[in-house]
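# Structural overview
What follows is the residue order along each chain.
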Amino acid sequence: MKYKKILFYETRVGIFYIAQSPDGHFFTFLNSERFGEKYPKVWHATEALAEEEVIPSPETGEIVDGSKLGIPETPEEWTRIV
């Protein structure tokens, strides 16, 4: 499935992306690896990342507490990809 990355936010463990699928759902990525659920709205995805307690780092296998990375809850606080 192809995803269009629409937002990103850089953290100490890598760059988080929010991407949209052709069917309109939103997905979360850490660097180039997709993880987590599919979300019906973009703000569901950003909020989930901001509050998520367990995020697997694909490069190191480290488990990261997403709630301590300073990820913004609202899409407006992320950088838009044009």
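All residue numbers refer to positions counted from 1 along the written sequence of the respective chain. The predicted origin of the model limits local features to residues at a pLDDT of at least 70 and limits the giving and counting of side-chain atom pairs to 80 or more, whereas totals for whole chains, interfaces and linings rest on all residues. The side-chain numbers reported here are obtained from all heavy atoms of the structure, hydrogens and water having been left aside.

### A word on the sheet that holds strand β2 (residues 14–20)
- The strand order across the open sheet built from five strands is β4-β3-β2-β1-β7, with neighbouring strands paired in antiparallel fashion. Of all the strands in the sheet, the pair left with one neighbour each is β4 (33–39) and β7 (79–80).
- The rule for pairing is simple: two strands pair if DSSP sees at least two bridges between them. Note on conventions: DSSP H or I runs of at least 4 residues are helices, E runs of at least 2 residues are strands, and numbering of each starts at the N terminus. Two elements, strand β1 (residues 4–11) and β2, share seven bridges in a ladder whose sense is antiparallel. Of the residues in β2, the one forming a bridge with Lys4 is Gln20.
- Its contacts with the sheet put helix α1 (residues 42–51) on β1, β2, β3 (26–30) and β4, and the angle it makes with β2 is roughly 155 degrees. Here, two residues are considered to be in contact whenever any of their heavy atoms come within 4.5 Å of each other. Geometry is summarised by axes, namely lines fitted to C-alpha atoms with helices restricted to the contacting stretch, and by angles between N-to-C directions that run from 0 to 180 degrees.

### With respect to the nonpolar core
- Definition used in this section: a nonpolar core is a set of buried Ala, Val, Leu, Ile, Met, Phe, Trp, Tyr and Cys residues joined via side-chain atoms within 4.5 Å. Only protein chains enter the accessibility calculation, which uses a 1.4 Å probe; a residue whose area is less than 20% of its type maximum is buried, one above 50% is exposed, and one in between is partly exposed. Grouped together as the largest cluster of nonpolar side chains are 18 residues, with contacts concentrated most on Phe16, Ile18, Leu49, Ile55, Ile71 and Trp78.
- Breaking this core down by element, the ones donating at least two residues are β1, β2, β3, β4 and α1.
- Per-element tally for this core: the top contributor is α1, with four residues.
- Residues contacting Leu49, with those up to four places away along its chain left out, are Phe16, Ile18, Thr28, Phe35, Ile55, Gly66, Ile71 and Trp78.

### Some points on the side chain of Thr46
- Mapped onto the elements, Thr46 comes out in helix α1.
- A distance of 3.2 Å separates a polar side-chain atom of Thr46 from the backbone oxygen of Trp43.
- When neighbours within four sequence positions are excluded, Thr46 is seen to be in contact with Leu7, Ile18, Pro72, Glu73, Thr74, Pro75 and Trp78. Nitrogen and oxygen atoms within 3.5 Å of one another constitute a polar contact, given that in protein one can donate a hydrogen and the other can accept it, and given that sequence-neighbouring residues count only through two side-chain atoms.

### Examining the pairing of β3
- Burial of β3 is extensive: five of the five residues sit out of reach of the surface.
- Of the strand pairs in this sheet, β2 and β3 are connected by five bridges, and their pairing is antiparallel. Directly across from Tyr17, in β3, lies its bridge partner Phe29.
- The hairpin turn running from β2 into β3, its antiparallel successor, is five residues long, and Gly24 in that turn takes a positive phi close to 95 degrees.
- As defined by bridge partners, β3 adjoins β4 across four bridges and the pair is classed as antiparallel.

The values are spatial; any link to function lies outside them.
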